[in-house]
Amino acid sequence: IPGANAAVSPTQVTESLSTMDDIAVVLAQCEVPGPAMAAAMAIGRRIGATTILNPAPATTLDDTVLANVDIIIPNEHEAALLTGLPTTNEDECVVAARALLARGVAFGAKAPAVGLRKQVPLLVVEIHVVDLLYRTPRKARVVKHQVLEP
C-alpha cells in the first residue's frame, strides 16, 4: 500500500511487538517515521532481542536511538551523514564505522557491529523475521565480513 510506512506509529509498533513471544531480532529501517523506528529499537533492547537498524533512507539519528542498536548497516552515504565524516574509500569507511560505535551503538552481551554495505562487507547470516504489519515471514541472508575493533 503506497504511503503505508509513513502511517506507522510508536503505538502500533508497541502493540505489535507485545503480541509476539520469544522475539530474537528486531529489524528496522528509516522508511517509517523516526519515533516508530526508535520505539522498535527501544523495545528490542528492553526485551533482550538483537536490534538491527538499516538507516535508509539516509537521515540523522540521535545518540539515544543508537544506544538501542546492536547492529547498524548503513551504506557509505548514510554513514557519512550519520558521522559527518568522508566515506569515499575503505579506510574512511572504517573510521566512520568506528565513529558510529563511539556514538553509542550498544552491545549488551553482544559485540557491536557496523556494516558498510558498499565499502566494507557485512557479515551475512540467515535470519527469519516477521513483518509487523502483515505478520508474514521474511528471510534475510548475509555473506562476507570485516571485524572492526573499537
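Definitions and cut-offs
- Residues numbered from 1 in each chain as written.
- Predicted model: local features only at pLDDT ≥ 70, side-chain atom pairs only at ≥ 80, totals over all residues.
- Heavy atoms only, no water.
- Axes fitted to C-alpha atoms, helices over the stretch in contact; angles between N-to-C directions.
- Helix = DSSP H or I, 4+ residues; strand = E, 2+ residues; numbered from the N terminus.
- Parallel < 35°, antiparallel > 145°, perpendicular 65-115°, else oblique.
- Left-handed = near helix turned anticlockwise from the far one by under 90°.
- Contact = heavy atoms within 4.5 Å.
- Salt bridge = Lys/Arg side-chain N within 4 Å of Asp/Glu carboxyl O.
- Buried < 20%, exposed > 50% of the residue type's maximum accessible area, 1.4 Å probe, protein only.

**Student:** So what's going on with the packing of helix 4 (residues 76–83) against helix 5 (residues 90–102)? Residues and values would help.
**Tutor:** Where helix 4 meets helix 5, the axes come as close as 10 Å, and the angle between the chain directions of the two elements is 50°. Between helix 4 and helix 5, the interaxial angle falls into the category oblique. Where helix 4 crosses over helix 5, the handedness of that crossing is left-handed. Where helix 4 approaches helix 5, its residues E76, A79, L82 and T83 are matched on the opposing element by C93, A96, A99 and L100.

**Student:** Give me the lowdown on the environment of L85, citing residues and values where you can.
**Tutor:** By the secondary structure assignment, L85 is in the loop between helix 4 and helix 5. Taking the C-alpha atoms as reference points, L85 and A97, separated by 12 residues in sequence, lie 9.8 Å from one another. Non-local contacts of L85, meaning those with residues more than four positions away in its chain, are made with A80, V95, A96 and A99.

**Student:** Just give me the short version of the pattern of salt bridges, but keep the residues and values in it.
**Tutor:** Where side chains of opposite charge bring their charged atoms close, a pairing between them can arise. Counting across every chain of the model gives two salt bridges. Between D70 and R45 there is a salt bridge; the shortest N-O distance is 2.6 Å. Within this pair, whereas D70 is found in the loop between helix 3 (63–66) and strand 3 (71–72), its partner R45 is found in helix 2 (residues 34–47), the two being separated by 25 residues in sequence. Exposure remark for D70: the relative accessible area of 1% places this residue in the buried category. Here D63 makes a salt bridge to R103, at a shortest N to O gap of 2.7 Å. Note that D63 is positioned in helix 3 and R103 in the loop between helix 5 and strand 4 (113–114), a separation of 40 residues in sequence.

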